[in-house]
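# Report on the structure
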Amino acid sequence: MKAEIIAVGTEILLGDIVNTDAQVISLGLDELGIDVYYQTVVGDNPERLREVLDIARRRSDLIVTTGGLGPTLDDLTRETIAAAFGRELVLHQPSLRRITAFFDRIGSEMTPNNLKQAMLPAGCTVLPNDWGTAPGCAFEADGVHVLMLPGSPRECTPLFRTAGMAYLSKLAGGVILSHNIHIFGMGESQMEDRLHALMEEGHNPTLAPYAKDGECLVRVTAKADTKEQAEALLAPAVRRVCDALGDVVYGIDVGSLEQAAAEALTARGLTLAVAESCTGGLLSKRITDVPGASRFYRGGACTYCDEIKRSVLGVRQETLDAYTAVSEQTAEEMARGAARVFDADIGIGITGYAGPDGGADGTPAGTVHIGIFFRGEAYVRTICSPRGRQNARRDAANHALDLILRAVRRDADKTAP
């Protein structure tokens, strides 16, 4: 199927908001094996929306729209689409009852204009909205499938990922499954080079490499008649990718480095503490974004100045004098101090020049030292991320999480029966 996404909203055209709905929908359609050929943004204008719809129906099998389903005068997506496809709008009583119950639940008056949200194209499949008042809907006309979703990301994302994708999966035919292989420590070009032969021969499953936020992933996707058959196709392909990439693979379907580290620490019953300087608490923030982090995360210290590094973490003045605060030696002592102060199994210490300035001794901006202390041993990894302050901080946190993962897994291998 060829799909087109149409986002309706003048606020997107003006740049007031970012069209995150299109990203969510594109990723979901990719999971279903539906190709997105076009994305369009159009303002809250029925004439221009009608023009966009007329173009889309001539070139696409599936049209997914977001926005314009609200109760206000400029919310005209529902009416315009119904007219374009010759569908009458009728009152959908179950949706009206859900909208009424929503206002009763929040103790607010339901105004008459909310009634229009329950007016839906005759014969459509209704997608109940548990996250707001505007239901989604889907129908087919003249060989074109139309899926309408609300524009608010907090409504659009869960509604699409549940009811929307369930509806579309029936159109896609068969079962489409994917596994995401997460990679850290190898760039996109090198990853693609190692996988090139596998990618050329892969038709089912297919391999799709991506780069994102300082790391990479490979999505392996298979289509079959049943879930079991799709998994049987995926298993050997996933193994071949992992074998080709080696130890830069940090997980399969784990979501993120912090999620993988959290799972590894929890599984081993180990605790963690961190001491941060240039990252300013970013590592602690990412760790505690993971639900259940209290099971392994003991605490963190943001020690920006030398005095706090000394008084809180116990970094020696001799170390600071001889090597400066941005050094491998200081990172190691910060890691040891974090483990001691917070009584944790693993301590992490991060110090560096995030930028825009480097060190007075000529050390370039983006230089960061990440220390780890575990089982009485310390190790320091030094990186240079010269692409700006935010990238340096992100990359430092990524490398810290990678060090944690590798340390825990080495420990597990040593103690395995």
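Remember, it's a predicted structure, so these values are computed and weren't measured experimentally.

## Quick word on the environment of Ser-169
With respect to the element layout, Ser-169 can be found in helix α6 (residues 153-172). For the pair Ser-169 and His-179, spaced ten residues apart in sequence, the C-alpha to C-alpha distance is 17 Å. Not counting the four nearest positions on each side in its chain, Ser-169 is found in contact with Leu-32 and Gly-174.

## Considering the environment of Cys-302
Looking at the secondary structure, you find Cys-302 in strand β14 (residues 297-302). On a C-alpha basis, the gap between Cys-302 and Glu-231 in space is 45 Å, while along the polypeptide they are 71 residues apart. Setting aside its immediate chain neighbours within four residues, Cys-302 contacts Glu-276, Gly-280 and Gly-281.

## Re the side chain of Thr-221
Looking at where Thr-221 falls in the secondary structure, it is placed in strand β11 (residues 215-224). A distance of 2.7 Å separates a polar atom in the side chain of Thr-221 from a polar atom in the side chain of Ser-178. Excluding anything up to four places from it in sequence, Thr-221 contacts Ile-176, Leu-177, Ser-178, Asn-204, Pro-205, Thr-206 and Leu-234.

## So, the pairing of strand β17 (residues 377-384)
Both strand β16 (residues 367-374) and β17 contribute to a ladder of eight bridges, which runs antiparallel. Note on β17: the bridge partner recorded for Thr-367 is Cys-384. In this structure, the hairpin formed by β16 and β17 is closed by a connection of two residues, where Arg-375 is found at a positive phi of approximately 55°.

## A closer look at helix α7 (residues 188-201)
The first and last C-alpha atoms of α7 sit 19 Å apart over 14 residues, in line with the 20 Å expected at 1.5 Å per residue. The largest bend in α7 amounts to roughly 60° and is located at Leu-195. For α7, every residue scored as buried is listed here: Met-191, Leu-195 and Leu-198. The secondary structure elements touched by the buried residues of α7 are β9 (175-183), β10 (206-212), β11 and α8 (227-245).

## Some thoughts on helix α9 (residues 257-268)
Here α9 is twelve residues long and its end C-alpha atoms lie 17 Å apart, about the 16 Å a rise of 1.5 Å per residue gives. Restricting attention to buried positions, one finds in α9 the residues Leu-257, Glu-258, Ala-260, Ala-261, Ala-262, Ala-264 and Leu-265. The secondary structure elements touched by the buried residues of α9 are β11, β12 (249-252), β13 (272-276), α10 (282-288), β15 (346-352) and α14 (389-415). A positive backbone phi angle near 70° is found at Gly-269, which sits one or two residues after α9.

## Thoughts on the sheet that holds strand β8 (residues 144-149)
The strand order across the open sheet formed by six strands is β2-β1-β3-β8-β7-β6, and the pairing between neighbours is mixed. Each end of this open sheet is capped by a strand with a single partner; those strands are β2 (35-42) and β6 (125-127). The mean angle between the axes of side-by-side strands here comes to 15°, regardless of whether they run parallel or antiparallel. Sheet analysis places strand β3 (residues 62-66) next to β8, joined by five bridges and oriented parallel. Opposite Ile-63, over in β8, you have Val-146 as the bridge partner.

Thresholds, definitions, all that
Residues numbered from 1 in each chain as written. Predicted model: local features only at pLDDT ≥ 70, side-chain atom pairs only at ≥ 80, totals over all residues. Heavy atoms only, no water. Helix = DSSP H or I, 4+ residues; strand = E, 2+ residues; numbered from the N terminus. Contact = heavy atoms within 4.5 Å. Polar contact = N/O pair within 3.5 Å; in protein donor to acceptor, adjacent residues only side chain to side chain. Pairing = 2+ DSSP bridges. Expected span 1.5 Å × (residues − 1). Bend = angle between axes of the 7 residues up to and from the residue. Buried < 20%, exposed > 50% of the residue type's maximum accessible area, 1.4 Å probe, protein only. Axes fitted to C-alpha atoms, helices over the stretch in contact; angles between N-to-C directions.

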